[in-house]
Protein chains: 2
Amino acid sequence: MSTSRIRKEVDEALLAFVDRQRPTLLAISDDLTPLLSALDVLLAGGKRLRPAFCYWGWRAAGGADCAAIVQAAASLELLQASALIHDDVMDSSDTRRGQPSVHRRFEALHGAQSWPGDAEAFGSGAAILLGDLCLAWSSEMFETCGLGGDRRRHARDVYDMMRTEVMCGQYLDMLESTRGEATADTALRVVEYKSAKYTIERPLHLGAALAGARPDVTGALTAYGLPLGIAFQLRDDVLGVFGDPGETGKPAGDDLREGKRTVLIALTLERASSAQADAIQRRLGDPDLDRPGVDELRTIITETGGLAACEAMIDQYLTDAEKALTSAPVTPEAHQALSELAVAATTRSM
Amino acid sequence: MSTSRIRKEVDEALLAFVDRQRPTLLAISDDLTPLLSALDVLLAGGKRLRPAFCYWGWRAAGGADCAAIVQAAASLELLQASALIHDDVMDSSDTRRGQPSVHRRFEALHGAQSWPGDAEAFGSGAAILLGDLCLAWSSEMFETCGLGGDRRRHARDVYDMMRTEVMCGQYLDMLESTRGEATADTALRVVEYKSAKYTIERPLHLGAALAGARPDVTGALTAYGLPLGIAFQLRDDVLGVFGDPGETGKPAGDDLREGKRTVLIALTLERASSAQADAIQRRLGDPDLDRPGVDELRTIITETGGLAACEAMIDQYLTDAEKALTSAPVTPEAHQALSELAVAATTRSM
């Protein structure tokens, strides 16, 4: 299948899954409609990267096209929806994928209905619950994909490990942002668990495990997926500071307002003069950071050479991934698709 | 097995499961230790009601004692831990099971370490992530219990439905508290999904499904479990207002401070004079409600006859449950145990 064809089938599988849940919710109460609407809006966006890697992990290990692998792969989008919804609550983010974040949607519902009490608490409560529902539904969708036996048992071990890793990685990410002391090394550790494994390596392993992959295939997918995953997150960090809001779906400089302690920031601080370092410590994490403030930080990140150092790391990790792919014992179609996905995951205008 | 013996085995299964996760987390980072400590403290408490009902659902349907059913049953405690952790964030509760709530623990850690930034945001972020981890681990523990084949597939359907129901029920609960307009009928709908099904009916069904129960057994477990579950929640609501903090693990009158729109409150409002109703609307949900305020509300709930009406409902639902149990096609041991559990779940001093 082509990349756009997979995307379409993943979209259809997600829609079909949510449509199977819809009558259950409405039988409990019409009042649950806003949960479904919020999920519909969130799921309409997204690049379906994790399902694509899962699908190509399956194909790389010799799995044949079928609806079951598409459903298993699509379940990763529900897991990601859960992570995004909860992440936005934790970061107090206003937008996601170019739309109001889920907690802000429910805050607005509270206001529109003129309900008494605390709109913000209602918004974050609803978002916590919808995130929980997406997390529960992601495992339901995975478990009911139709692939059974020893392979699913082995794949479930991958799935379980992936969830533990991403949640721990997110805690460490929050911890580093709170402490404000991340070095490039500690920031890279966060990237490995929160992002590289979760977004690329584990989805590849999941598909591969479902196809009953040999250990050499799984190893090759790690050699390709882990550096690519790091490059993906470093690119995301650069876009979080310099990206076009029209492309990222987030306001310009949002990562700066959230005070994210990324590898990019650590590389900048390593190279900053004390005046530049002071400016970063003062402005980073300021929720009211305005456009001139964003521009000042961008200038520092560029002028110190932090940006160039980060771009060089991206290039190096991408080269490592491509090199690993060259010798990977995977099918020719998978080789081609994984090569294209490496570009798609790290392209500047993504 | 006796009730205390099941409890002990569930405790051991939980400890063993968390101990299997511990090295995974510590291999990622020592910084994850506080997540494990917080979970250890939370899991040390709790009455293990849901595992007990799951176990006796299994035995009722003719399942034989084994480690696998204990692990499947114990997984419900991780699901409950997730619900409690997130619930406490949503309600801004300070305590749980007589200990600081998870978000308050992490807030205190932030303070003790003198980290910069927002201690409260760090606390709730950590609690959201630990709740997510517990939710993921609950399904992992269930799926790896060792019971396989068609029965687990059928049981998984019960498990999935239970999670959807409880999350939707919690949303409706929050919605009713926000609107402040709950009638006894709408409050009962919340009780059914958030509590009666989740705490009693579905755990019974889960155990029964794993044992391959006949439909008449499943039906009998509903006839017993649903009214008992309602009685359980109504008793919990009464204890939330009148309970001894030493027994409930919560400060006196905490449900009143949280503004919970329970059946007890609805029954009181139905019977209140306009002065009494005004006092309730004014004081209910006041986070700073002091002891005289709690006492005033208690007096109104008692003097209106709201309390007596609620106690009468508890008695009626309990009678219905006991009656259903009398004719239930279950084993004699299960009959005896379910009869004792009905008392344990609704006793005044619980």
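Details of the structure are given in the entry above.
This is a predicted model, so every value here is computed, not measured.

The transformation that overlays chain A on chain B combines an axial shift of 0.0 Å with a rotation of 180°, and the residual RMSD is 0.0 Å. Such a combination of rotation and displacement between the chain copies is what one expects of a two-fold axis. Interface residue correspondence from chain A to chain B reaches 100%, placing this contact among same-surface, isologous pairings.

Attention now goes to unusual backbone geometry. One non-glycine residue, Arg 97 of chain A, lies in positive phi territory at about 50°. By secondary structure assignment, the location of Arg 97 of chain A is in the loop between strand 1 (95-96) and strand 2 (99-100). Residue class for Arg 97 of chain A comes out partly exposed when judged on its relative accessible area of 25%. Within the chain, Ser 92 of chain B stands out as a residue other than glycine whose phi angle is a positive 50°. Tracing the backbone through its elements, the reader meets Ser 92 of chain B in the loop between helix 4 (67-91) and strand 1 (95-96). The exposure class of Ser 92 of chain B is partly exposed, given its relative accessible area of 45%.

Before going further, it helps to spend a moment on the state of the cysteines. Residues and elements named next belong to chain B. The tally for this structure, following the rule as stated, stands at zero disulfides over all chains. Here Cys 54 stays free of any disulfide, with the sulfur of Cys 145 as its closest cysteine sulfur at 8.9 Å. Among the cysteines around Cys 66, which has no disulfide bond, Cys 145 carries the closest sulfur, lying 8.3 Å off. The class for Cys 66 is partly exposed, based on a relative accessible area of 28%.

Attention now goes to the interface of chain A and chain B. Taken together, the contacts link 48 residues of chain A with 48 residues of chain B. Taken as a group, Ile 28, Leu 129 and Tyr 171 of chain A account for 15% of the area that chain A buries against chain B, more than any other trio of residues on that side. If you look at where chain A meets chain B, you find six salt bridges. Across the pair Arg 179 of chain A and Asp 31 of chain B runs a salt bridge whose closest N-O atoms are separated by 3.0 Å. Joining chain A to chain B, the criterion identifies 14 residue pairs in polar contact (both at pLDDT 80 or more). Mapped onto the side of chain A that touches chain B, the elements with two or more residues apiece are helix 1 (3-28), helix 2 (33-44), helix 4 (67-91), helix 5 (102-112), helix 6 (119-143), helix 7 (149-179) and helix 8 (184-210) of chain A.

Scanning the entire structure with this criterion turns up 62 salt bridges over all chains. We note a salt bridge from Arg 298 of chain A to Asp 295 of chain A, for which the minimum N-O separation is 3.9 Å. Placement of the pair is Arg 298 of chain A and Asp 295 of chain A together in helix 14 (residues 291-303), with a separation of three residues, close to one helical turn. On the basis of relative accessibility, which here comes to 31%, the residue Asp 295 of chain A falls in the partly exposed class. Ionic contacts of the salt-bridge type, sharing partners, join the residues Glu 143, Arg 152 and Arg 156 of chain A together with Glu 143, Arg 152 and Arg 156 of chain B into one network.

Scoring rules and cut-offs
Residues numbered from 1 in each chain as written. Chains lettered and ligands numbered in written order. Predicted model: local features only at pLDDT ≥ 70, side-chain atom pairs only at ≥ 80, totals over all residues. Heavy atoms only, no water. Least-squares fit on C-alpha atoms with pLDDT ≥ 70 in both. Contact = heavy atoms within 4.5 Å. Helix = DSSP H or I, 4+ residues; strand = E, 2+ residues; numbered from the N terminus. Buried < 20%, exposed > 50% of the residue type's maximum accessible area, 1.4 Å probe, protein only. Disulfide = S-S within 2.5 Å. Buried area = accessible area lost by both parts, 1.4 Å probe. Salt bridge = Lys/Arg side-chain N within 4 Å of Asp/Glu carboxyl O. Polar contact = N/O pair within 3.5 Å; in protein donor to acceptor, adjacent residues only side chain to side chain.

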